[in-house]
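Structural overview
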Amino acid sequence: MASISVFGLGYVGCVGIACLAKLGHRVIGCDVDINKVNRIASGLPTIVERDVDEVMHEGYKVGLISATSSPFEAVSKTDVSFLCVGTPNAADGRLDTTYLMSAVRSIAEVIRSKSTFHIVVIRSTVPPGTNAVAAALIEKISGKREGINFAVASNPEFLREGMAVADYLNPPLTVIGCECRRALDYLRRIYEPLGSEIIEVEPKVAEIIKFVNNSYHALKVTFGNEIGAICKKLDIDSHSVMELFCKDTQLNISPYYFKPGFAYGGSCLPKDLRGLNFLAESNQVDVPVLSSIECSNNVHIQRVLERVQEIGARSVGIIGLTFKAGTDDLRNSAAIRLAEGVLGKGCSLSIYDRYLNIAQDTETNLRELNRRIPHLLPLLVKNVEDVVENSSLVIITVRNPKMPELIRDNPEVHFLDLVRLKDQSVETLPNYEGFCW
Ligand SMILES: NC(=O)c1ccc[n+]([C@@H]2O[C@H](COP(=O)([O-])OP(=O)(O)OC[C@H]3O[C@@H](n4cnc5c(N)ncnc54)[C@H](O)[C@@H]3O)[C@@H](O)[C@H]2O)c1
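My aim in this report is to walk through the structure given alongside it, one point at a time. (Residues numbered from 1 in each chain as written. Predicted model: local features only at pLDDT ≥ 70, side-chain atom pairs only at ≥ 80, totals over all residues. Heavy atoms only, no water.)

**Considering the environment of Leu234**
In this fold, Leu234 is placed in the loop between helix 9 (203-233) and helix 10 (238-247). Remark: the alpha-carbon pair of Leu234 and Val285, spanning 51 residues in sequence, is separated by 11 Å. Ignoring anything within four residues of it in the chain, the contact list for Leu234 reads Leu279 and Asn283. (Helix = DSSP H or I, 4+ residues; strand = E, 2+ residues; numbered from the N terminus. Contact = heavy atoms within 4.5 Å.)

**Examining a nonpolar patch on the surface**
On the surface, Leu234, Ile236, Phe278 and Leu279 cluster together into a nonpolar patch covering about 350 Å² of accessible area. Along the chain, Phe278 turns up in helix 11 (residues 269-282). What makes Phe278 exposed here is its relative accessible area of 58%. (Patch = residues over 30% accessible without salt bridge, like charges linked within 9 Å, V, L, I, M, F, W, Y side chains within 5 Å. Areas by Shrake-Rupley, 256 points an atom, 1.4 Å probe, with all protein chains shown as cover. Salt bridge = Lys/Arg side-chain N within 4 Å of Asp/Glu carboxyl O. Buried < 20%, exposed > 50% of the residue type's maximum accessible area, 1.4 Å probe, protein only.)

**Structural notes on the nonpolar core**
Counting residues in each nonpolar core, the largest one holds 44 residues, and the members touching the most others are Ile4, Val6, Val15, Val80, Phe82 and Ile190. Tallying contributions element by element places helix 1 (residues 11-22) first for this core, with 7 residues. Listed in part, the 28 residues of the second largest apolar core include Val316, Ala359, Leu377 and Leu380. (Core = buried A, V, L, I, M, F, W, Y, C linked by side-chain atoms within 4.5 Å.)

**Some details on the sheet that holds strand 13 (residues 432-434)**
In sheet architecture, strand pairing relies on hydrogen bonds along the backbone and comes in two forms, parallel and antiparallel. Pairing within the open sheet is parallel, and its 5 strands lie in the order 10-9-11-12-13. The sheet terminates laterally at strand 10 (348-352) and strand 13, the two strands that pair on one side only. Geometrically, the sheet is characterised by an average inter-axis angle of 20° between neighbouring strands, direction not taken into account. Sheet analysis places strand 9 (residues 315-319) next to strand 10, joined by 5 bridges and oriented parallel. Bridge pairing links Ile319 to Tyr352 in strand 10. (Pairing = 2+ DSSP bridges. Axes fitted to C-alpha atoms, helices over the stretch in contact; angles between N-to-C directions.)

**Observations regarding the pattern of salt bridges**
Per the stated rule, a full pass over the model turns up 17 salt bridges. A salt bridge links Glu73 to Lys77, with the nearest nitrogen and oxygen atoms 3.2 Å apart. The class of Lys77 is exposed, set by a relative accessible area of 52%. Arg181 serves as the salt-bridge partner of Glu200, at 2.8 Å between the closest nitrogen and oxygen. Note that Glu200 is positioned in strand 8 (residues 198-201) and Arg181 in helix 8 (residues 181-191), a separation of 19 residues in sequence. Arg181 sits in the partly exposed class, given a relative accessible area of 43%. What emerges from the salt-bridge pattern is a single network uniting Arg181, Asp185, Arg188, Glu192 and Glu200.

Everything listed is a geometric property; what it means functionally is a separate question.
If you want it as structure tokens, here you go:
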């Protein structure tokens, strides 16, 4: 049985207290709002939420739940404090951590006089870097050392209001970002009974994941609604469409396409997206999300060019010109636009593309190559080594098995990787840089 304090008795804290008690832990709630403290101290939830009354009552009945407005009592009687304090938007949009830091400060003051190890767990959604700021603040106020006397962990909350108790007891996954093994093991013991996967990550990864999740959820809703608005105009049942859409778990509801790196291109994505936007426009349907996708893709290509300029290379190489590996298809290839942009910046350029070399050698599609990239064909070289030899900067747009060795053997050449080779031997080299990762 762990001894846990929960700071912030709103939606997240209230559900947390009830569920931690259900898992057999002794829990003390703490809030600056005395009404909330009084409710929890009487075994009553502070929110309206399915199942929470019952679960809270069970824990209260067996003496596992109490509450206080005194941070001293909450921290001195427990080994771990879960922070579930609100982090509302400030006027400029940032998440305001004022309340959270005020709770951290009050905990730090108690840690100063505490002789046992204390773990501070941030459940609230906070900007990346907040863990480190909280740890530094605790060190300053308490005079104690992080990792020795206390630890700070980020453990984002994934519950959905309306089914928060069920979500708490059956989370999609449990994420813990912490640099202290002792704290990680302690938290693992708390969450193991839930049976969900527990993933240890860097604190900043744990902190940003909630922003990413919720922004994606918002994108899903707006995407679905824009599709719905177009379908309605065309007298198509949007629910049939989206049900069908969700059935494709290889490309649609899947990790596919979720790898930050380079822009999309090819014969289908740009063409069909434009076609859908035309359908919307010609039916007077405003679709800001769909109509801004192409713009975002263009900005991304521009970002690579800006990086090329920052690096200051005059001789550039590109590995891969077709729109993806395994094809000689150049239609709407983002790499072509990148190559043209590089030339436009006045750099010399050499290009290696295995599939275009095959196309040239076998005279397959040669007319098409001459039609589409007459200006780039003379820049194609036969070997990937030649690109590296000719360049001070090499941009990798497709995987090539020779790249890791070439990166290791050519420290004077800078490599900008848009696909992530996933080779441990090069990831920390100073001449190797991931773009967007
Ligand atoms: N509501 C959700 O579904 C949900 C889900 C996941 C994550 N989150 C995140 O969890 C955090 C809490 O959200 P919420 O909806 O429970 O907020 P809430 O506003 O319902 O509750 C926050 C509580 O913190 C208390 N508080 C403020 N300062 C305090 C202090 N110094 N000491 C102790 N208590 C203090 C407030 O009095 C309030 O009771 C936020 O960062 C939110 O983004 C919320």
